[in-house]
Structures are given as C-alpha cells and as structure tokens.
Amino acid sequence: MTDQAPIVIVGTGLSGYSLVREFRKLDKDTPIVMVTADDGVSYSKPMLSTGFTKAKDAQGLAQADTDAMAEQLGVEVRTYTTVTGIDADNHELVLGDQRLGYRKLVLAWGADVIRLNLAGDAVDRVHSINDLMDYRAFRQALEGGKRVAIMGAGLIGCEFANDLRNGGYDVDVIAPDAAVMPSLLPEPAASAVQHELTELGVRFHLGTVVDRVDHEAGGVRLMLANGEALQADLVISAVGLRPRTELAKAAGIDTGRGIKVNRALETSAADVYALGDCAEVDGQVLLYVLPLMACARALAKTLAGERTDVRYGTMPIMIKTPCCPTAVCPPPVGADGSWQVERDDSNVKALFTSPTGEVLGFAITGRFALEKQTLAREIPPIHQ
Ligand code: FAD
C-alpha cells in the first residue's frame, strides 16, 4: 500500500454516491476512484417502482450521467468494471487481470436478486428489477404488452403492482404467503393494502407459487403449484434480495447475512469498510435508504480522519402504494409486546406496544398514514 493510493469505492448506487457527497463536504482533495459493474448513471432506486405513475421511463428516472457525477464530485468513475477479488493483505482490488491499489476500500456493492429455479422455456421473459439498467431492459421488453405477472408480494412486488395498474396494465401477483408483505406488516395493515390493490384491479394468487413459465402465442403461460394457469406478456420476479458477500468472504473478511461491520462501518480487514445493501451493520441488515444515508454520513467522517459510529435513530419506511398510503416502523426483532389495532375499512393504525405501554413500532395505512411523523417521534431510536 502507498499513501498515494486513492480511496476506492466499489458501487455507484445510493450508498457509493451518497458517501462521496458527504466526504467531499469534509475533504475536497483526497483522490477517489469509484468502480462499478454498471453504467454509473446516478438515480434514486426507490423511484423505479414509480415510473408509470410519474410517466417516467428509465431515461426519465436518470438523475445525472457518469461524466457529470465524476466532475461534480471530483472523482474518477470506472464503469462496466467488475471487481473479481480483494487482496486485503496487499491493499489491492482485483479487476480481472488488473489490480488497483487502495489506501482505504469501501464496499458499497449492494445485494443480488434471488433467482428462482423455474421450469419452462420462457425464463427469458422473467425480469428482476434491481437497478436502472434492469428497469430499462424491462420497459423495452414490455413494449406492446399489456399483462404483467409479478412473483412476490413483498414491498417491491406490491409497489410494482400498484405502479403497473396506474400505467393501465393487467396485473397478477403470485406469492406463497397468505398475506402481502408478511415480514413487514401485521395482518390488519397487510389486508388493508391487499384490499385496496384488489379494488384497483390487481389479481392476487396467494398461498401458491409459480412452477413453470412457457412461451405461448402472444406471451407466456404460467403454471402455478395450485393448478391455476395464467397468461401474461412478461413476468417480474420480486422474491427477495441477498447482500453480496461472496467476494468479501473469499478474501477472508467476516460475513454473516451481509458483510459484517461494526458501527464505524469497519469490516474485519484493515482499511476495508462496507455500507448499504451489502452490509450487516452491528448485526442488522436493513435494505433501505435511511440506514445507508446515516452510514454514509458517519463513514465520510471516519474516512476524513474522525472515526465515527453510525447512529440510526427512528427510521419509518414509506410503502409506495398510493392506492393505500402505508408507513411502517417495524418493532425491534424479538421485542416483547403485542399489536394494538384500530381499524375502519382500509384505514388501519396498528401500534406495537410493550407490556409497560411503550410504543415500539407501528404500521399505519390510509388516512392514518398522515400520522407517520408524530408516531415516529414516539418510537425509541434504534441506537440510543
Ligand atoms: P445498489 O444500488 O444495488 O448499488 C450497488 C452498486 O455496486 C452498483 O453500482 C453495482 O453495479 C455495483 N456492483 C455490484 N457488484 C459489483 C462488482 N463485483 N464490481 C463492481 N461493482 C459492483 N428503500 C427505501 O428506503 N424506501 C423505498 O421506498 C424503497 N423502494 C425501493 C423500490 C425498489 C423497486 C427497489 C429495488 C428498492 C427499494 N428500496 C427502497 C431499497 C433501496 O433502494 C436500496 O436499499 C438502496 O438503493 C441500495 O443502494 P446500494 O448503493 O447499497 O446498492
């Protein structure tokens, strides 16, 4: 390692670019090289599930091209460059047959989509949408089509269902659970969202899975495990994400569900840090924007010389189902308590309350969603 080597950041998603923005507020001069497997275009990933509602295609969702980002942030951005290994002992990143030395290395390389092993001859019509390039390919493939089947009824599946209905598409959602967003919402809030999406025209097929996808004249046919057959032009797979850990693990860096870091975002290897969708921060894997922004602010200070722990605060999640506005602040995993529910039609206010009456989490839909800020102030922050 040399002191002349740059800080190297892998990934130009929200984590990578937010970190550099924060760092440049503190240090205008230290050389930074950003390496990304994609085109490096800056965009806000949460907006991918609002394209039809906002009448924006991939081009419309792009915020700045790579050259503009490089100039604005005073960095070099290496696009379409895939990291293939980390040589932590020598402070070098492996890029195929090339090497890139670093003084500090930041892993902001996100999460991989989980791909199902589907039978059938039309898996080429199954799209996962986890970045702007995926979204561009999906919109191109959808041209002329009217029917979309979505595998998965989590946050992303439900948001795409609402957005595609707003765009005038026929939408079927297939998922194995009995309710939508089972890991995020208590049942009354989930059923409110499902009810409003159904009113909007989304057809749900819950408690079953897609077994195979085959071409048929004019589209594809999906065979479900419950014996149902569905027709569609295209399929979205939204069955989950898995933090990218393999290369870190191969380099001897501690991994769990994500790349393990402490609250200073330090991995087990000297001068190697991680944040965003790839990171397990102090035992928590949170694939959302607010946590990564908090990490970017803390890590920027550390990289600028003031070692800083991240503080998470309270972080409500807005679910972008405009047919049923929904906000959720999940209680801590394993917290002692129960849900207290107030409900009128699709307006649900569910408060997760401890045995001593303290509100530890909430899920609110419909008109109650307006209470998000007030309720968020009542919830104890994740880090006191
Ligand atoms: P990514 O954006 O995935 O960036 C990873 C980067 O690493 C990319 O540049 C990639 O090319 C690069 N990379 C990966 N592997 C390599 C390699 N080997 N070599 C070089 N480069 C590599 N969160 C919210 O809080 N609210 C929301 O409403 C919300 N809505 C969402 C809607 C959708 C449709 C999706 C998909 C996600 C949503 N999220 C939401 C989650 C949020 O967008 C993510 O948590 C966040 O964008 C992750 O950013 P990241 O920079 O960590 O990862």
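Residues numbered from 1 in each chain as written. Predicted model: local features only at pLDDT ≥ 70, side-chain atom pairs only at ≥ 80, totals over all residues. Heavy atoms only, no water.

Peer 1: Please clarify how the overall build of the protein chain should be interpreted in this entry.
Peer 2: Helix and strand counts for the protein chain come out as 9 helices and 27 strands. If you line up the protein chain on its principal axes, its C-alpha atoms span 60 × 60 × 35 Å. Looking at the protein chain as a whole, 52% of its 384 residues are labelled buried. Pairs at least 24 residues apart make up 61% of the contacts formed inside the protein chain by residues separated by at least 6 positions. Surface summary for the protein chain: the accessible area is close to 17,100 Å², and the carbon and sulfur share equals 47%. Taking the average location of the 37 positive side-chain charges in the protein chain and that of its 50 negative ones, the two points are 3 Å from each other. (Helix = DSSP H or I, 4+ residues; strand = E, 2+ residues; numbered from the N terminus. Buried < 20%, exposed > 50% of the residue type's maximum accessible area, 1.4 Å probe, protein only. Contact = heavy atoms within 4.5 Å. Areas by Shrake-Rupley, 256 points an atom, 1.4 Å probe, with all protein chains shown as cover. Lys, Arg positive; Asp, Glu negative; His and termini not counted. Charge placed at Lys NZ, Arg CZ, Asp CG, Glu CD.)

Peer 1: I keep staring at helix H4 (residues 132-142) and nothing clicks. Help me out?
Peer 2: Along an α-helix, a turn takes 3.6 residues, which lines up residues three or four apart on a common side. All buried positions along H4 are accounted for by Leu 132, Tyr 135, Phe 138 and Leu 142. Angular distribution of buried residues about the axis of H4 spans 115 degrees; they occupy a single face of the element. Capping of H4 at its N-terminal end is provided by Asp 131; its side-chain oxygen lies 3.1 Å from the backbone amide nitrogen of Met 133. Of the residues flanking the end of H4, it is Gly 144, one or two places downstream, whose phi is positive at about 85 degrees. (Arc of directions from axis to C-beta. Polar contact = N/O pair within 3.5 Å; in protein donor to acceptor, adjacent residues only side chain to side chain.)

Peer 1: Just checking my understanding: could you explain the site of the ligand for this structure?
Peer 2: Taken together, 33 residues lie around the ligand, and Ser 15, Val 83, Asp 277, Val 289 and Lys 320 are the ones closest in. Take Leu 14: an N or O atom from its main chain is 3.2 Å from an oxygen atom of the ligand. Here the ligand has 1,000 Å² of accessible area as a free molecule, and 91% of this is covered by the chains. Of all the elements in the fold, those that place two or more residues in the shell around the ligand are helix H1 (14-26), helix H5 (155-166) and helix H8 (289-303). Sort the elements by how many residues they give to the shell around the ligand and H5 lands first, with 3 residues. Each residue belonging to the shell around the ligand can be placed in one class, and the counts come to 16 nonpolar, 11 polar and 6 charged. For the shell around the ligand, the two domains that each supply at least three residues are domain 1 (7-112 + 242-303) and domain 2 (115-237). (Near = heavy atom within 4 Å. Nonpolar A, V, L, I, M, F, W, Y, C, P; charged D, E, K, R; others polar. Domains from an automatic or database assignment.)

Peer 1: Just checking my understanding: could you explain the nonpolar core for this structure?
Peer 2: In globular proteins that are soluble, nonpolar side chains generally tend to be buried together. With 53 residues, the main nonpolar core has Ile 9, Leu 19, Ile 86, Leu 93, Leu 105, Leu 107 and Trp 109 as its most contacted residues. With 7 residues, the top contributor of residues to this core is H8. With sequence-adjacent residues up to four places away left out, Ile 9 is seen in contact with Gly 16, Leu 19, Val 20, Ile 32, Val 33, Met 34, Val 35, Val 106 and Ala 108. Of all hydrophobic cores here, the second largest spans 45 residues; its members include Val 171, Ala 179, Met 181 and Leu 185. (Core = buried A, V, L, I, M, F, W, Y, C linked by side-chain atoms within 4.5 Å.)

Peer 1: Looking at this structure, I do not really get the sheet that holds strand E2 (residues 32-35). What am I missing?
Peer 2: Where strands meet in a sheet, backbone hydrogen bonds hold them as pairs that are either parallel or antiparallel. Taken in spatial order, the 5 strands make up an open sheet running E5-E2-E1-E9-E21, and their pairing is parallel. Among the strands making up the open sheet, the edge pair consists of strand E5 (76-78) and strand E21 (272-274). Ignoring strand direction, the axes of neighbouring strands in this sheet form an average angle of 20 degrees. By the bridge criterion, 4 bridges tie strand E1 (residues 7-10) to E2 in an arrangement that is parallel. Each residue of the ladder has a partner; that of Ile 9, found in E2, is Met 34. (Pairing = 2+ DSSP bridges. Axes fitted to C-alpha atoms, helices over the stretch in contact; angles between N-to-C directions.)

Peer 1: So what exactly am I meant to see when it comes to the pattern of salt bridges here?
Peer 2: If the charged atoms of two oppositely charged side chains come close together, the side chains can form a pair. Throughout the structure, instances matching the rule amount to 16 salt bridges. In this structure, Asp 27 and Arg 24 form a salt bridge, with 4.0 Å as the shortest nitrogen-oxygen distance. One exposure class covers both Asp 27 and Arg 24, and it is buried. Of the charged contacts in the structure, one is a salt bridge between Arg 78 and Glu 76, with a shortest N-O distance of 2.8 Å. When its relative accessible area of 39% is taken as the criterion, Glu 76 is described as partly exposed. Look at the salt bridges and you will find they share partners, linking Asp 87, Glu 92 and Arg 99 into a network. (Salt bridge = Lys/Arg side-chain N within 4 Å of Asp/Glu carboxyl O.)

Peer 1: Quick question: what am I supposed to make of the sheet that holds strand E17 (residues 229-232) here?
Peer 2: As summarised here, the arrangement of the 3 strands in space is E15-E16-E17, forming an open sheet in which the pairing is antiparallel. On the outer flanks of this sheet lie strand E15 (210-216) and E17, each paired with one strand and no other. Put simply, the sheet's adjacent strands are angled 25 degrees from each other on average, direction ignored.

Peer 1: What am I meant to see in the domain arrangement of the protein chain here?
Peer 2: Size of an interface: often given as the accessible area lost when the parts come together. Entries for the protein chain in the domain assignment read domain 1 (7-112 + 242-303), domain 2 (115-237) and domain 3 (325-378). When each unit is reduced to the centre of its C-alpha atoms, the spacing between domain 2 and domain 3 is 28 Å. If you look at the interface, domain 2 gives 10 residues, while domain 3 gives 11 residues. Counting the surface lost from both domain 2 and domain 3, the interface buries some 800 Å², and carbon and sulfur atoms represent 76% of this. One can count 0 salt bridges joining domain 2 with domain 3. At the junction of domain 2 and domain 3, the tally comes to 2 residue pairs in polar contact (both at pLDDT 80 or more). Its residues assigned to classes, the side of domain 2 that touches domain 3 shows 7 nonpolar, 2 polar and 1 charged. (Buried area = accessible area lost by both parts, 1.4 Å probe.)

Peer 1: Explanation requested: the packing of aromatic side chains in the structure shown.
Peer 2: Ring pairs (aromatic) are described by centroid distance and by the angle formed between their planes. Scanning the model with the defined rule gives 3 aromatic pairs in all. Summarising the aromatic geometry, the rings of Trp 339 and Phe 352 are spaced 5.4 Å apart at their centres and angled 75 degrees between planes, so their arrangement reads as edge-to-face. Here Trp 339 is found in strand E25 (residues 338-344), whereas its partner Phe 352 is found in strand E26 (residues 347-353), with 13 residues between them in sequence. Given a relative accessible area of 29%, Trp 339 falls into the partly exposed group. Its guanidinium or amino end placed over the ring of Phe 368, Arg 367 lies 4.6 Å from that ring's centre, counting from NZ or CZ. (Phe/Tyr/Trp six-rings, centres within 6.5 Å; stacked < 30°, edge-to-face > 60°. Lys NZ or Arg CZ within 6 Å of the ring centre and 35° of its normal.)

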